[in-house]
Amino acid sequence: MQHYPLYLLMAAATVLSPGPGILMTLTNSLRFGLRGTMSGILGTACGSFIVAGVSATSLGLLLAASALAFTMMKWIGAAYLFYLGVKLLRAPAFRFDEIQTQPRGFARRFGEGMTVQLTNPKSIFFFLSIFPQFIDIQGAYAPQFLLLVGTFSSLIILIHTVYALTAQRARRWLTSERGGKWVNKAGGMTFLLFGTLLANANK
């Protein structure tokens, strides 16, 4: 628990940084409103449990036991985050599709959110290289897993809901070229900061 505040910070930074899930939430909010967006947000949050269960179970033991594996994963992860950051900073302004469509059913939007999370490189990387470092292999695994993944999923619900509400209030600005550039810059700087923190992390 002494490292929980650090985990909370890194998880929040991961969820806050623009990616496929955030873009889906913003787009759904602009098209369908907050009510039509919540099912996708819940699907994204539930997808985190699947990604964590598949990715983190055995790799956490490897990272805890091998200094070489930890260092390699740390630098690979940091390089990937720097790549994403530079790519976002150099990307053209993101433009939301303003075409209005009817909201799909709850199950379909829930499935879309879960699929986005299962194929989201940002989420996969987090649970592969960062999440296992906060698991104490000498303690009971299940309570730690539920706490950490539950925290991540709760942050998704909270932060994505804030994004959806913000999109509703700033609809005109977000759909402008200036708004699209801001989304890219915010995401790029967040990835660069996250990559720097990871590169300086100690086992």
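Calculation notes
Residues numbered from 1 in each chain as written. Predicted model: local features only at pLDDT ≥ 70, side-chain atom pairs only at ≥ 80, totals over all residues. Heavy atoms only, no water. UniProt positions renumbered as here; feature names shortened; annotations may be inferred. Phe/Tyr/Trp six-rings, centres within 6.5 Å; stacked < 30°, edge-to-face > 60°. Helix = DSSP H or I, 4+ residues; strand = E, 2+ residues; numbered from the N terminus. Buried < 20%, exposed > 50% of the residue type's maximum accessible area, 1.4 Å probe, protein only. 1 Å grid on protein atoms, 1.4 Å probe; cavity = no way out; pocket = protein on both sides within 12 Å on 5 of 7 lines; lining within 4 Å. Points joined across faces, edges and corners; volume = space filled by probe spheres on them. Nonpolar A, V, L, I, M, F, W, Y, C, P; charged D, E, K, R; others polar. Core = buried A, V, L, I, M, F, W, Y, C linked by side-chain atoms within 4.5 Å. Expected span 1.5 Å × (residues − 1).

The protein carries the name LysE family translocator in an unreviewed UniProt entry, which gives Chromobacterium fluminis as its organism. UniProt annotates the protein under Subcellular location (unreviewed entry) with the comment "Cell membrane".

Engineer: Quick rundown of the packing of aromatic side chains? Include the residues and the values.
Structural biologist: Aromatic ring pairs: the centre-centre distance and the angle between the two ring planes describe each pair. Counted under the stated rule, the structure contains eleven aromatic pairs. Ring geometry for Y7 and F134: centres 5.2 Å apart, planes at 70°, overall edge-to-face. A residue pair is termed long-range when its members are at least 10 positions apart, and Y7 in helix α1 (residues 4–16) and F134 in the loop between α7 (121–130) and α8 (141–169) qualify at 127 residues. The same class applies to Y7 as to F134, namely buried. Summarising the aromatic geometry, the rings of F131 and F145 are spaced 6.0 Å apart at their centres and angled 85° between planes, so their arrangement reads as edge-to-face. With F131 in the loop between α7 and α8 and F145 in helix α8, the pair connects residues that are 14 residues apart, well separated along the chain. Note on accessibility: F131 and F145 belong to one class, buried. In textbook terms, an aromatic cluster arises when at least three aromatic residues are bridged by ring pairs, as seen for Y4, Y7, F126, F127, F131, F134, Y141, F145 and F152.

Engineer: Before we move on, could you go through the UniProt feature "transmembrane region" (unreviewed entry) in the protein and cite the residues and values that matter?
Structural biologist: When the UniProt feature table is mapped onto this chain, "transmembrane region" (unreviewed entry) is found at residues 6–26, 38–56, 62–86, 147–165 and 186–202. Taken end to end, residues 6–26 is 86% helix and 0% strand, and its first and last C-alpha atoms sit 27 Å apart. Note that residues 147–165 is 100% helix and 0% strand, and that its end C-alpha atoms are spaced 27 Å apart.

Engineer: Run through empty space enclosed by the protein, naming residues and quoting values.
Structural biologist: One pass over the full model with this rule turns up one cavity of 30 Å³ or more. For the largest cavity, the lining is made up of 13 residues, of which V15, Q117, N120, K122 and H160 are closest to its centre. Elements with a contribution of two residues or more to the lining of the largest cavity: α1, α2 (20–32), α7 and α8. Of all the elements, α8 adds the most residues to the lining of the largest cavity, at three residues. Considering only residue class, the lining of the largest cavity consists of four nonpolar, eight polar and one charged.

Engineer: Explain the nonpolar core residue by residue, including any values.
Structural biologist: Within the largest apolar cluster, 27 residues are counted, with the highest numbers of intra-cluster contacts made by Y7, F126, F127, F131 and F152. Elements supplying a minimum of two residues to this core: α1, α2, α3 (38–55), α7 and α8.

Engineer: For α3, give the residues involved together with the corresponding values.
Structural biologist: Between its first and last C-alpha, α3 extends 26 Å over 18 residues, near the 26 Å set by a 1.5 Å rise per residue. Among the residues making up α3, those that are buried are S39, G40, I41, G43, T44, A45, G47, S48, V51, A52 and S55.

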